[in-house]
Amino acid sequence: MGLPHHSLNTLRPLSEGELNEWEEAYAAVEAYLQALRLRNRLLVAELVRGILWRASARRVNEPDKPARFLAMEEALSEVAEWTQDVLDVPLENRRLAARGRLALLLAGMPGHWQGVFLTPAPWPPEFVDAMKKSYLAAGPRFAELTMVPKPLEFNAIGSGAAQWWETMDRRPIMGFMFTGVIISLIAVIVWYFLLD
Amino acid sequence: MDNSQTPARETTKPFFGGFRTFLRRTIFFGGVLIVNIAASLWLTDLFWLMGFQKAHYPLLVIFIILNGLLTLGSFHAIFGAIDMLLGRKQSVRISKLADGKTGPLEKRHAVVMPVYNEDSVKTCARIEAIYRSIEATGNLDSFDFFILSDTRDLNLWVMEETSWTNLCRQLGGFGRIYYRRRKTNENRKAGNIGDFVRTWGGNYESMLVLDADSLMDGADIVKMTRIMEAYPRLGILQTPPKLIRGSSVFTRLQQFAMRLYGPLFIRGLNFWQLMGGSYWGHNALIRVQPFSEFCELPALPGREPFGGRILSHDFVEAALMVSQGWEVWLAWDIEGTFEEAPPTLVDHLIRDRRWCQGNLQHMWLIFARKLPFSVRMHLFMGIMAYLGSPVWFLFLALGTWVAWDRARSDLSQLPFENYAARWFDINGVQQSLILTGVIFGLLFLPKILAVIGGLLTPSIRRSFGGGFRIIFGAIFETIVSMLLAPCIMVAHTLMVLSIIAGRAVGWGNQNRETDGTSWGDAFRFHAPQTILGIAWTGVAVTIGYTSKNPAGFVSKYAFVLWMTPILLGLLLAAPVSVWTSRTRYGKALLKHKLLATPEEISPPSVMTLADNATAAVDSALDASVEGRIGVVAAVVDPYVNGVHVSLLEHSELTAADEALAERCLSEGPGGLSKNELSELLYLAPAMLMMHRAVWLRSTEGIHSVWTQAVESYRRRLDHTPHAESN
């Protein structure tokens, strides 16, 4: 990890374009730390400087990669490795890195443990304990029950209606005829009771 | 879970005897029948003396149906009042099984809240209040909480995850409050609950089913679980929820009416339904094992809207439970049970469209075998709650026709000598006035009884803010209800017709002003009522105009005057809908404690807990910040991404998934279809890859939505950090 006393000489001399490139890298790393809800500017500035120092060191061997890319890769891997060290479990795949990141939140890093963030061991035991206890439980143990629908048993009227209804569903012509009969019936009733 | 409950159930004595149940039901429904027969004979006599027209026959049949329904409603209030007068000790109260019981609960219980595109902060506030309220009783260890999400809005999905995480963080609720989202929302709420039961139900003796707007007091929840543990025959324990937090005039009217008149109906309902009660879908405790065994919903014959999947599941689940010998009780004396209501008439009618279809489907169950009387009665009442409207409409239309026909043919509208004249020494006019008085009496009796009860009982009077406020509220509510009723009648009639035609009603989107329904929306939604009102008024005036018999303005236009409440309701549908939707008028009423409910004047502790609940809100984990809402936050924000990915199942990133993620990066979430975006949100490796990409890559090659979201974290020099401090 880069520390404040580390020189940024590896970067120099910088052209105008390179200055802009590192400015962008700085902004991105700073934004990421702020996204992790680090509020203290001094702390953020110190961490950004360290991360950029490591990125600049890598730049010597990887000149084709943009400064932002190198800096952010350093920032992400540093957070992942550090949480791995605190949790003392291997973050075997990237999903576990996300869980490590989440553990920071659940342990209250943005609130109480900002000063500890990305610092070397030893860490306060309360913080380590809080990190290790932080987990997300997706659900309690499964205890399955079966739910099987039982068909409705109809009486004679219901059975007849169900049969007729399903027949109309299967054969639209029957439905059409049925609707016609109903409308005719209504017309007859209206005529008989109202108009006759 | 073993099946030892059934033997325990069979060896336990019923809470209320069979003979006494029969007696109560005979008295109740016998009374309804007698009053209905008497009123129908009275009307028949009138018709006979007026000279029977053919149109009088269907009019009479419809009157018998409508008067039966009206009498049924009034008898609930009458018997409720009698039950109240007899006193708490005399009335049937299942809750007494928990009286005096303290000590720890013996079994585990779940509190389940199904949610569908809800405001997650409000939902979690209710869970927090219930959680803290149960915690205060010292029984928290016996409960687990489940937020069961069927949410289809992807942004809201992410917000639910963050709200739940914050809630658990603040309450120490990990391992006690769970969040689960279904990938497909098959069979809606019933399917959501069913999925819970199938997956985790075996862990619990019972589940308290809530709605997203439900709120319940912890002590009452514990009391309910004690009843469930004490009485093995109990399948469902339903509570009568009170409406709360009404801010518009419409909801304030509803909550006032339900609060003042509701207890009478609830007690009256309990008088006859007893162990054969119903389930209203929420704020009820359900024994899980018999629910899983018997309550999976059967398919109905044919297709929707009448067939297919059952839309209104609750009544049917109660019916299935009762038909299998399990008891369903209404715990009328559980006080701490609340829910919220739709804020406007338009919202109310939109919800009614779904309920209407669901209740009409229940017609099939009327013809099912092995259903007890009480179940069929509940189903019938549910059906008639909507089918009653077209019947009312038909009654009024037929009445108008008869008046039109008589005016045209110069027949008298008034009866002559009849049996009543001979036997009771009253003329036809008096007879018709008496019948009208009886009908109006039946209509207003529940309100009158409730107001008298409220005025004579000091505790009730004080709880509503005094006698004047009760009287004012009841009169005001009655007037507005009379204006709203014709509008609702026509809306329900159109719903029923659209369902019969096999179509869904096209309500469209709800475009609202900040303060309720807009005028444009109101006129669009209520156009049928307004047009019908104009036409009907024209017909009514014409009837008076063409009538040659009576002299004088009032006599000539008696029909118009008689129809005035209906016609005014139709003509003023849109203005009344707009006016009642306004929260500023609602707040003005509240300021003077008008239409106030006891819960407003003296809020119960659980409501205060919910009002003060903030555990779900934390700036450290927030997926609702402008510029990075929901899906964007799930990709960009390190913590939101962490929560979302941690809740996903493990999967491998395929080339196709990677291509989809690259498309999302370059085109933004808006470039993907909803299904594609949903699929992407389920892929943990893709979400992680995107998180890295938006931070690693410069502005070229990725959509501005991501770069702007990344940029939004940069603190400006003039930015104060207080907003983000915890």
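Residues numbered from 1 in each chain as written. Chains lettered and ligands numbered in written order. Predicted model: local features only at pLDDT ≥ 70, side-chain atom pairs only at ≥ 80, totals over all residues. Heavy atoms only, no water.

Novice: What should I look at first to understand the overall build of chain B in this one?
Specialist: The helix and strand tally for chain B stands at 31 helices and 14 strands. In chain B, which comprises 726 residues, the share counted as buried stands at 58%. Of the roughly 29,500 Å² that chain B leaves accessible, carbon and sulfur atoms contribute 62%. Between the averaged position of the 68 positive side-chain charges in chain B and that of its 63 negative side-chain charges there is a distance of 8 Å. (Helix = DSSP H or I, 4+ residues; strand = E, 2+ residues; numbered from the N terminus. Buried < 20%, exposed > 50% of the residue type's maximum accessible area, 1.4 Å probe, protein only. Areas by Shrake-Rupley, 256 points an atom, 1.4 Å probe, with all protein chains shown as cover. Lys, Arg positive; Asp, Glu negative; His and termini not counted. Charge placed at Lys NZ, Arg CZ, Asp CG, Glu CD.)

Novice: Which parts of the structure should I look at to understand the overall build of chain A?
Specialist: Along its length, chain A carries eight helices and zero strands. Order of helices (α) and strands (β) in chain A, N terminus to C terminus: α-α-α-α-α-α-α-α. For chain A, the residues scored as buried account for 41% of the 196 residues in total. For chain A, contacts bridging at least 24 residues in sequence account for 62% of all contacts bridging at least 6. Put simply, chain A shows about 11,000 Å² of open surface, and 62% of that area lies on carbon and sulfur atoms. (Contact = heavy atoms within 4.5 Å.)

Novice: Looking at this structure, how should I read the confidence of the model for chain B?
Specialist: All names here are of chain B. Averaged over all residues, the pLDDT of chain B is 90; the fraction at 70 or higher stands at 93%. Below a pLDDT of 50 lies the segment residues 717–726, which in the model reaches eight contacts outside its immediate sequence neighbourhood of four places, other chains included. Per the prediction output, this complex has pTM 0.91; the corresponding ipTM is 0.87. (pLDDT = per-residue confidence, 0-100.)

Novice: What should I look at first to understand the interface of chain B and chain A in this one?
Specialist: Interface size is commonly expressed as the accessible surface area that is lost when the partners come together. Residue-level contacts link 82 residues of chain B with 63 residues of chain A. Buried area between chain B and chain A, summed over both chains or domains, comes out near 6,600 Å², and the portion from carbon and sulfur atoms is 61%. One can count five salt bridges joining chain B with chain A. Arginine 303 of chain B is paired through a salt bridge with aspartate 169 of chain A; the nearest N and O atoms lie 3.4 Å apart. Counting across the interface, chain B meets chain A through 16 residue pairs in polar contact (both at pLDDT 80 or more). Here the side of chain B that touches chain A gets nine residues from one element, more than from any other, and that element is helix H30 (residues 684–696) of chain B. (Buried area = accessible area lost by both parts, 1.4 Å probe. Salt bridge = Lys/Arg side-chain N within 4 Å of Asp/Glu carboxyl O. Polar contact = N/O pair within 3.5 Å; in protein donor to acceptor, adjacent residues only side chain to side chain.)

Novice: How should I be thinking about the UniProt feature "transmembrane region" (unreviewed entry) in chain B in this particular structure?
Specialist: Under the UniProt annotation, the feature "transmembrane region" (unreviewed entry) is placed at residues 27–51, 57–86, 379–404, 433–456, 468–501 and 557–579 of chain B. Within residues 468–501 of chain B, the helical portion is 97% and the strand portion 0%, while the C-alpha atoms at the span's ends are 48 Å from each other. (UniProt positions renumbered as here; feature names shortened; annotations may be inferred.)

Novice: Before we go on, may I ask you to explain the UniProt feature "domain: Glycosyltransferase 2-like" (unreviewed entry) in chain B in this structure?
Specialist: Taking the UniProt record as the reference, the feature "domain: Glycosyltransferase 2-like" (unreviewed entry) is found at residues 208–398 of chain B. Secondary structure content for residues 208–398 of chain B is 54% helix and 12% strand, and the end C-alpha separation is 47 Å.

Novice: Just checking my understanding: could you explain the side chain of glutamine 53 of chain B for this structure?
Specialist: Within the fold, glutamine 53 of chain B resides in the loop between helix H2 (18–50) and helix H3 (56–86). Those residues within four positions of glutamine 53 of chain B in sequence are excluded, and the remaining contacts are Val402, Asp405 and Arg406 of chain B.

Novice: Quick question: what am I supposed to make of the pattern of salt bridges here?
Specialist: Where charged atoms from two side chains of opposite charge approach closely, those side chains can pair. Scanning all chains against the criterion turns up 44 salt bridges over all chains. Across the salt bridge formed by lysine 242 of chain B and glutamate 599 of chain B, the nearest N and O atoms sit 4.0 Å from each other. Taken together, the positions of lysine 242 of chain B in strand S7 (residues 242–243) and glutamate 599 of chain B in helix H24 (residues 598–601) put the pair 357 residues apart, joining distant regions of the chain. Members of the salt-bridge network, linked through shared partners, are Arg54, Arg58, Glu62, Lys65, Glu73, Glu74 and Glu78 of chain A together with Arg692 of chain B.

Novice: What is the right way to read the pairing of strand S4 (residues 206–209) of chain B from this model?
Specialist: Across a regular strand the side chains alternate sides, sitting on one face of the sheet and then on the other. All names here are of chain B. Burial along S4 is two-sided: Ser206 and Leu208 facing one way and Met207 and Val209 facing the other are all buried. The sheet contact formed by strand S1 (residues 109–115) and S4 spans four bridges and is parallel. Residue pairing across strands places valine 111 opposite leucine 208, the latter belonging to S4. Direction of pairing for S4 relative to strand S8 (residues 284–287): antiparallel, over a ladder of four bridges. The residue of S8 that forms the bridge with leucine 208 is leucine 285. (Pairing = 2+ DSSP bridges.)

Novice: What's the story with the UniProt feature "transmembrane region" (unreviewed entry) in chain A in this structure? I'm lost.
Specialist: What UniProt calls "transmembrane region" (unreviewed entry) maps, in this numbering, to residues 173–194 of chain A. Between the C-alpha atoms that bound residues 173–194 of chain A the distance is 31 Å, and the span itself is 100% helix and 0% strand.

Novice: I keep staring at the environment of histidine 492 of chain B and nothing clicks. Help me out?
Specialist: All names here are of chain B. Within the fold, histidine 492 resides in helix H17 (residues 467–500). The exposure class assigned to histidine 492 is buried, which follows from its relative accessible area of 6%. With 106 residues separating them along the chain, histidine 492 and tyrosine 386 place their C-alpha atoms 6.2 Å apart. In contact with histidine 492, not counting residues within four places along its chain, are Leu349, Asp352, Ala385, Tyr386 and Ser389. Among the polar contacts made by the side chain of histidine 492, one reaches the side chain of serine 389 at a distance of 3.4 Å.

Novice: When you look at the nonpolar core in this model, what are you seeing that I'm missing?
Specialist: Soluble globular proteins tend to bury their nonpolar side chains together. Ranked by internal contacts, the top residues of the largest apolar core, which has 139 residues, are Phe117 of chain A together with Phe145, Trp329, Val636, Trp695 and Trp706 of chain B. Those residues in contact with phenylalanine 117 of chain A that lie beyond four places of it in its chain are Leu33, Leu36, Leu38, Leu47, Val79, Trp82, Leu104 and Met109 of chain A. (Core = buried A, V, L, I, M, F, W, Y, C linked by side-chain atoms within 4.5 Å.)

Novice: It is not clear to me how the sheet that holds strand S3 (residues 177–181) of chain B should be interpreted in this structure. Could you clarify?
Specialist: Note on sheets: strands pair through backbone hydrogen bonds, and any given pair is parallel or antiparallel. Residue and element names in this part refer to chain B. The strand order S3-S2-S1-S4-S8-S6-S9 describes an open sheet built from seven strands, whose pairing is mixed. A single partner strand is all that each edge strand has here, and the edge strands are S3 and strand S9 (327–330). Sheet twist, expressed as the mean angle between neighbouring strand axes with direction ignored, is 20°. (Axes fitted to C-alpha atoms, helices over the stretch in contact; angles between N-to-C directions.)

Novice: How should the packing of aromatic side chains be read in this particular structure?
Specialist: All names here are of chain B. With the rule as written, the count across this model stands at 41 aromatic pairs over all chains. Measuring from centroid to centroid gives 6.2 Å for phenylalanine 196 and tryptophan 200, while their planes differ by 50°, and the two rings are tilted. With phenylalanine 196 and tryptophan 200 both in helix H6 (residues 188–200) and four residues apart, this pair spans about one turn of that helix. Tryptophan 200 carries the same exposure label as phenylalanine 196, and that label is buried. The rings of Phe28, Phe29, Phe75, Phe79, Phe271, Trp272 and Phe373 are connected pair by pair, giving a single aromatic cluster. Looking at arginine 9, its charged tip hangs above the ring of tryptophan 326, at a distance of 4.5 Å from the centre. Above the face of the phenylalanine 525 ring, arginine 524 is positioned so that its terminal group lies 5.2 Å from the ring centre. (Phe/Tyr/Trp six-rings, centres within 6.5 Å; stacked < 30°, edge-to-face > 60°. Lys NZ or Arg CZ within 6 Å of the ring centre and 35° of its normal.)

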